[in-house]
Amino acid sequence: MVFSETVETKQGGAAMYIKELEKNKYRVWVDLDPDYTGKRRRKSKVIQAKTKRELHAKINSWTEAINNISECKTVSDMCNEVWPQIVANKSPNTVYGYNAAKKRIDKSIGSLDLNKLTPRALQKWVNDLSGTLSPKTVVDTYSILRMCCSIATSWELLRSSPCHDVFMPKNRKKEIEILSQDDFARFCANLDKVDIDTRVCFELALFGSLRRGEIMGLHEDDIQDDGRFYVQRTRYTRLCEDFIKDTKTESGERLCILPDPVVKDIKALKRYHIERKLALGGGLWDDNPYLIKNPDGTPYHTHKPVRELKKYMESIGLQPITLHALRHTYASICISMGIDPATVSKRMGHANVSTTLSIYTHLFENQSDKDEISLALGTMMTNCRKAEN
């Protein structure tokens with residue numbers, strides 16, 4: 001015997017078809033709400049029940065499980081459900097950033113009923129966040145929620161994603177920090193006043209265009225005697241734990257050519273490490289492959305260059321800048337020498353030339369066919385030191 005009726009669920013009425021297979025045993029078909037593409041959904045299951053009331057109770061429980069109603073009532077419920085997929089195969093550094101965004105979501109909109117998550121609600125949420133957070137942070141947070149909604153939709157936790165037609169705050173582009181000509185001269189002239197590990201660290205950023213993580217990931221054996229080497233890895237710290245990963249982009253794995261004065265300092269640094277190892281003895285010296293070390297041989301903490309640069313800038317009477325500003329200064333010097341954008345992009349390790357142009361557009365003026373970047377930088381550095389002495 002086959003009969004049909006409507007079963008009431010927490011989502012409303014759903015068409016239901018029941019076939020009695022034998023006494024107290026039924027096959028049930030339920031037409032569920034269409035998926036996000038509008039495609040019809042039908043599920044079936046064999047259910048055993050002694051009474052009609054028991055049968056309907058089991059059908060309600062089953063349809064709720066199918067629609068994940070009991071699991072995802074709020075925005076936080078949805079994010080928690082899809083989060084393992086969001087962070088799957090991501091680097092610890094990326095996961096750290098994603099988790100920070102998720103905390104902002106949970107705190108601000110996490111308790112919102114999932115049925116009330118609409119473009120209008122999202123716009124109000126974005127506007128509220130914009131009152132306390134930077135435009136970039138707002139956009140990053142919204143992007144994580146959009147990823148969650150996208151996966152939830154594909155998993156049929158949502159009928160459709162509400163993340164559309166939401167306007168983001170405009171991000172004002174900050175002017176890049178670079179050393180002025182006078183500051184550059186003072187910066188180079190006083191480098192002998194800091195310990196040699198710190199000095200080489202600064203020089204690799206200023207004359208090699210290396211990012212902080214790339215400097216921290218350098219091994220002593222990476223740099224050849226002629227100052228040529230390939231950037232192969234980055235090292236960073238999250239929650240007191242070091243991580244090693246590939247360069248930021250495929251283009252980040254690039255050839256670097258250092259000026260002669262920097263090469264000399266690196267050779268002196270390697271000799272200094274050998275002397276320190278002999279002085280301390282094998283038991284007290286931390287034997288590791290990294291180029292930039294503490295006096296006991298342990299690798300620099302990845303945040304130490306930032307602190308050391310601030311102390312150095314203040315000690316020589318200059319306004320503190322970021323370590324990345326030294327990398328910007330390298331790019332500005334190359335551009336002022338007339339180096340073409342493609343070459344600058346290659347040296348900086350950008351993914352494409354458009355990235356370089358978007359950052360340094362205002363600096364690309366009066367270009368010529370000059371080259372020999374490392375030679376020119378080496379001459380500038382030598383002249384600065386001579387002038388000070």
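Attention here is on the structure that accompanies the text.

Rules of the game
- Residues numbered from 1 in each chain as written.
- Predicted model: local features only at pLDDT ≥ 70, side-chain atom pairs only at ≥ 80, totals over all residues.
- Heavy atoms only, no water.
- Helix = DSSP H or I, 4+ residues; strand = E, 2+ residues; numbered from the N terminus.
- Buried < 20%, exposed > 50% of the residue type's maximum accessible area, 1.4 Å probe, protein only.
- Contact = heavy atoms within 4.5 Å.
- Areas by Shrake-Rupley, 256 points an atom, 1.4 Å probe, with all protein chains shown as cover.
- Axes fitted to C-alpha atoms, helices over the stretch in contact; angles between N-to-C directions.
- Parallel < 35°, antiparallel > 145°, perpendicular 65-115°, else oblique.
- Left-handed = near helix turned anticlockwise from the far one by under 90°.
- Core = buried A, V, L, I, M, F, W, Y, C linked by side-chain atoms within 4.5 Å.

**A closer look at the overall build of the protein chain**
Right, so step 1: A tally of regular secondary structure across the protein chain gives 14 helices and eight strands.
Right, so step 2: By residue count, 44% of the 389 residues in the protein chain fall in the buried class.
Right, so step 3: A separation threshold of at least 6 residues defines the contact pool for the protein chain, and within that pool the share at least 24 residues apart is 59%.
Right, so step 4: Put simply, the protein chain shows about 21500 Å² of open surface, and 49% of that area lies on carbon and sulfur atoms.

**Re the packing of helix 7 (residues 196-208) against helix 9 (residues 260-280)**
Right, so step 1: The interhelical angle for the contact between helix 7 and helix 9, taken along N-to-C directions, is 150°, at an axis separation of 10 Å. Accordingly, the angle class assigned to the pair helix 7 and helix 9 is roughly antiparallel. Considering how the two elements wind past one another, helix 7 and helix 9 form a crossing that is left-handed. Taken together, the residues of helix 9 that come into contact with helix 7 (itself represented by Ile196, Asp197, Arg199, Val200, Glu203, Leu204 and Phe207) are Val262, Asp265, Ile266, Ala268, Leu269, Tyr272 and His273.

**Observations concerning unusual backbone geometry**
A negative phi holds for most residues other than glycine; trans holds for most peptide bonds.
Right, so step 1: We note that Asp165 has phi near 55°; this positive angle belongs to a residue other than glycine.
Right, so step 2: Its location among the elements puts Asp165 in the loop between helix 5 (135-154) and helix 6 (181-189).

**Remarks on the nonpolar core**
Right, so step 1: Membership of the largest hydrophobic core comes to 50 residues, with the highest contact counts inside it found for Phe187, Ile215, Leu291, Ile292 and Leu326.
Right, so step 2: When contributions to this core are tallied by element, the ones reaching two or more residues are helix 6, helix 7, helix 8 (212-217), helix 9, helix 10 (304-315), helix 11 (323-336), helix 12 (341-348) and helix 14 (373-388).
Right, so step 3: The residues contacting Phe187, other than those within four sequence positions of it, are Leu179, Phe202, Leu206, Leu309, Tyr312, Met313, Ile316, Leu318 and Leu326.
Right, so step 4: Counting 30 residues, the second largest nonpolar core, distinct from the first, contains Tyr98, Leu117, Ile144 and Leu158.

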